[in-house]
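One letter stands for each residue in the lines below.
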Amino acid sequence: MSSYSYVKCMWAFYLFSSCVPTLWFAQGADPYLPVKAVNLGNWLVTEGWMKPSLFAGIPNQDLLDGTQVQFMSTKLQKYLSAENGGGTDVVANRTSPSGWETFRLWRINESTFNLRVFNKQFFGLENQGKGNKVVAVLNSPGNSETFQIVRKNDDRNRVRIKASNGLFLQAKPGLVTADYGGSGWDDNNPSVFQMKIVRTLQGEYQITNGYGPDRAPQVMQDHWNAYITNEDFRFLSSNGLNAVRIPVGWWIASDPTPPKPFVGGSLKALDNAFTWAQNNGMKIIVDLHAVQGSQNGNDHSGTRDGFQEWGDSNIQDTVAVIDFLAARYANNPSLAAIELMNEPLAPGVTLNDLKKYYKAGYDAVRKYTSNAYVILSNRLGPADSKELLDFARGLNRVVIDVHYYSLFSDMFNNMNVQQNIDFIYNQRASDLSAVTTSNGPLSFVGEWTAEWAKSGASKEDYQRFAKAQIDVYGRATFGWAYWAYR
């Protein structure tokens, strides 16, 4: 049985107050439109910030895949650096760190790693381990690109780095070599570095690879079984919601034996969700939240190290995932829509690649159903919110998804309560109007939240803020989905 304390606070308290406008309940062409939905985030695609305790049992849990680290030589007081960002030597000559001095971990086990540099080569020994000079020249790691990070017991950020030849890295002026056999932790030891953790990731790759193949399957199964149940669907339905948006990862198409480190079981959980939805008169939006290669570099994209690498070469494999989902659920009466990708980020995901993929993904869905909606997520970043409208007008039962948060920007930090509310009624209303057309795709606010960057706000402030968003986002012709349920 799930705990509803957070949900009751956010839904019954903020949203289902007497201020909810009649417009919100208007009906569209389909009897369930506009959808009034909630995102089931952190269920089938892990987002560690939503439940940090999921990661508590991982040894060295601050050094997971994608953790960005910097190493300063205690003797030289200089940082290790991949010269030119990669492709040549690793040196120790920078007094302040930036991109070239930052390395992304690929975790092998709790203390052994590959280190990926700014230009995506791997930190390693020269001549594929035949020499002892440290370079960053290879695009895929092998034994000579594998290092053990040895942490000092009473100062976990004081480290020594052991190479595959059994010797430690030492920093010399203009050179880094793996040829130090001594011991000790004093500042004058050339093999001692002060490690700074710059950024961490807590997504599906991190949790499954962190626990490893022996423990991850049970950890994930326990989470899937407890986090969302039929009781949650019953609760949501009884409180006026008629749909859920369920994020899934690309590996679900290979269930029950997905590529490592991902583990099987999420497909069975999604099957259960369709049963629970039907039991409770709800609809499901299946959202491909994580695609192979990562469409935005964020934790929730399933990335290993935070590099955004999805592109034309990934389209065929990503369409295959959509084909799998459409084939499995097309005839299920609870299917409302399939979302082809969540939050592609510009400029890394180009508009040409995205349109090519969206057309192929649309065609894959239409092989199995003419009734389910196909949702196209707008690009985040420097992109025109109307860039998909002309493209989408040529397709049938298509929806444009936009995400609106009053977070993640200093602009919101500097607004008072009324300014935040006015922003919704003015700017957000204008933004939504721009993608809501009478002769084109439907519009969908696929993610929004009643949270904001305003500390010390009262209950009444939150109610007014939530009401403003419901007033405005209720104008979306497909509906809206709150982030997130838990």
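The rules we used
- Residues numbered from 1 in each chain as written.
- Predicted model: local features only at pLDDT ≥ 70, side-chain atom pairs only at ≥ 80, totals over all residues.
- Heavy atoms only, no water.
- Domains from an automatic or database assignment.
- Contact = heavy atoms within 4.5 Å.
- Buried area = accessible area lost by both parts, 1.4 Å probe.
- Salt bridge = Lys/Arg side-chain N within 4 Å of Asp/Glu carboxyl O.
- Polar contact = N/O pair within 3.5 Å; in protein donor to acceptor, adjacent residues only side chain to side chain.
- Nonpolar A, V, L, I, M, F, W, Y, C, P; charged D, E, K, R; others polar.
- Core = buried A, V, L, I, M, F, W, Y, C linked by side-chain atoms within 4.5 Å.
- Buried < 20%, exposed > 50% of the residue type's maximum accessible area, 1.4 Å probe, protein only.
- Helix = DSSP H or I, 4+ residues; strand = E, 2+ residues; numbered from the N terminus.
- Pairing = 2+ DSSP bridges.
- Axes fitted to C-alpha atoms, helices over the stretch in contact; angles between N-to-C directions.
- UniProt positions renumbered as here; feature names shortened; annotations may be inferred.
- Phe/Tyr/Trp six-rings, centres within 6.5 Å; stacked < 30°, edge-to-face > 60°.
- 1 Å grid on protein atoms, 1.4 Å probe; cavity = no way out; pocket = protein on both sides within 12 Å on 5 of 7 lines; lining within 4 Å.
- Points joined across faces, edges and corners; volume = space filled by probe spheres on them.

Novice: Looking at this model, I keep getting lost on the domain arrangement of the chain. Mind explaining?
Specialist: It is common to report an interface's size as the accessible area lost on association of the parts. Here the chain is described as being made up of domain 1 (35–56 + 202–482) and domain 2 (67–199). For domain 1 versus domain 2, the separation of C-alpha centres amounts to 38 Å. Listed per partner, the contact involves 11 residues of domain 1 and 8 residues of domain 2. Between domain 1 and domain 2, the buried area comes to about 890 Å², and carbon and sulfur atoms account for 37% of it. Together, Arg304, Asp305 and Phe307 form the three largest contributors to the area buried by domain 1 at its contact with domain 2, with a combined 63%. Linking domain 1 with domain 2 are 3 salt bridges, by the criterion used here. Across the pair glutamate 309 and lysine 120 runs a salt bridge, and its minimum N-O distance is 3.4 Å. Across the contact surface, domain 1 and domain 2 share 8 residue pairs in polar contact (both at pLDDT 80 or more). Across the side of domain 1 that touches domain 2, the residue classes break down as 1 nonpolar, 6 polar and 4 charged.

Novice: Got a minute to help me understand the nonpolar core in this structure?
Specialist: For soluble globular proteins, the rule of thumb is that nonpolar side chains tend to be buried together. In this structure, Trp43, Ile246, Leu270, Tyr357 and Leu376 are the most contacted members of the largest nonpolar core, which totals 101 residues. The leading source of residues in this core is helix α3 (residues 204–227), at 8 residues. Those residues in contact with tyrosine 357 that lie beyond four places of it in its chain are Leu288, Trp310, Ile315, Thr318, Val319, Ile322, Leu340 and Met341. Of all hydrophobic cores here, the second largest spans 27 residues; its members include Ala82, Phe103, Ala136 and Val159.

Novice: Honestly, the sheet that holds strand β19 (residues 442–448) in this entry has me stumped. Any pointers?
Specialist: The strands making up a sheet associate through backbone hydrogen bonding, with each pair oriented either parallel or antiparallel. Here 8 strands make up a closed barrel; going around it, the order is β1-β14-β15-β16-β17-β18-β19-β20 and the pairing parallel. If you compare each strand with its neighbour and ignore which way they point, the axes differ by 25° on average. Strand direction decides the pairing type here: β19 and strand β20 (residues 479–482), joined by 3 bridges, are parallel. Of the residues in β20, the one forming a bridge with valine 445 is tryptophan 480. Relative to strand β15 (residues 283–290), helix α5 (residues 266–279) is tilted by about 155°, and along the sheet it contacts β14 (243–249), β15 and β16 (335–339). Across the sheet, helix α7 (residues 351–366) lies against β15, β16, β17 (373–377) and β18 (398–403), angled at about 165° from β17, the strand it touches most.

Novice: Would you mind showing me how to read the UniProt feature "domain: DUF7910" (unreviewed entry) in the chain here?
Specialist: According to UniProt, the feature "domain: DUF7910" (unreviewed entry) maps to residues 60–198 in the numbering used here. Between the C-alpha atoms that bound residues 60–198 the distance is 16 Å, and the span itself is 3% helix and 47% strand.

Novice: I'm lost on the side chain of threonine 318 in this one. Help?
Specialist: Assignment of secondary structure puts threonine 318 in helix α6 (residues 315–329). Its relative accessible area of 2% is what places threonine 318 among the buried residues. Side-chain polar atoms of threonine 318 contact the backbone oxygen of asparagine 314, separated by 2.8 Å. If we ignore the near neighbours within four places in the chain, the residues touching threonine 318 are Leu288, Val291, Trp310 and Tyr357.

Novice: Would you explain the pairing of strand β11 (residues 168–172) in this entry?
Specialist: Every other side chain in a regular strand lies on the same face of the sheet, so the side chains alternate between the two faces. Along β11, 4 of the 5 residues are buried, which leaves the element largely enclosed by surrounding structure. Pairing of β11 with strand β12 (residues 175–180), which is carried by 5 bridges, proceeds in the antiparallel orientation. By the bridge assignment, leucine 169 is partnered in β12 with alanine 178. What sits between β11 and β12 in their antiparallel hairpin is a turn of 2 residues, with glycine 174 showing a positive phi close to 75°.

Novice: I'm lost on the packing of aromatic side chains in this one. Help?
Specialist: Evaluated as defined, the whole model comprises 23 aromatic pairs. Relative to tyrosine 357, the ring of tryptophan 310 has its centre 5.6 Å away and its plane inclined at 70°; by these criteria the two rings are edge-to-face. On the criterion of sequence distance, the pair formed by tryptophan 310 in the loop between β15 and α6 and tyrosine 357 in helix α7 is long-range, its members being 47 residues apart. As far as the burial class goes, tryptophan 310 and tyrosine 357 line up, both buried. On the basis of an interplanar angle of 90° and a centroid distance of 4.9 Å, the ring pair of tryptophan 448 and tyrosine 482 is categorised as edge-to-face.

Novice: Mind showing me how you'd approach the environment of threonine 303 here?
Specialist: In this fold, threonine 303 is placed in the loop between β15 and α6. You can call threonine 303 buried: its relative accessible area is 5%. For the pair threonine 303 and leucine 201, spaced 102 residues apart in sequence, the C-alpha to C-alpha distance is 8.7 Å. Excluding residues that lie within four positions of it along the chain, threonine 303 makes contacts with Leu201, Tyr205, Gln206, Ser294, Gly297 and Asn298. From its side chain, threonine 303 meets the backbone nitrogen of aspartate 305 in a polar contact 3.3 Å long.

Novice: Whenever I open this one, the side chain of asparagine 114 confuses me. Can you help?
Specialist: As for its placement among the helices and strands, asparagine 114 is situated in strand β6 (residues 112–116). For asparagine 114, a relative accessible area of 5% translates into the label buried. Polar side-chain contacts of asparagine 114 include one of 3.1 Å to the side chain of threonine 146. Apart from residues no more than four positions distant in its own chain, asparagine 114 is found in contact with Arg104, Leu105, Trp106, Ile108, Phe122, Pro141, Gly142, Glu145 and Thr146.

Novice: I would appreciate a short explanation of the layout of surface pockets in the present structure.
Specialist: The gaps of empty space that remain are located by a probe, the size of a water molecule, rolled over the atoms. Roughly 1300 Å³ of internal volume is contained in the largest pocket. Residue lining of the largest pocket: 45 residues in total, with Glu343, His403, Tyr405, Phe408 and Glu447 positioned closest to the centre. Contributions of two or more residues to the lining of the largest pocket are made by α1 (5–15), α3, β18, α9 (410–413) and α10 (417–434). Top element by residues in the lining of the largest pocket is α3. It accounts for 4 residues. Its residues assigned to classes, the lining of the largest pocket shows 21 nonpolar, 12 polar and 12 charged.

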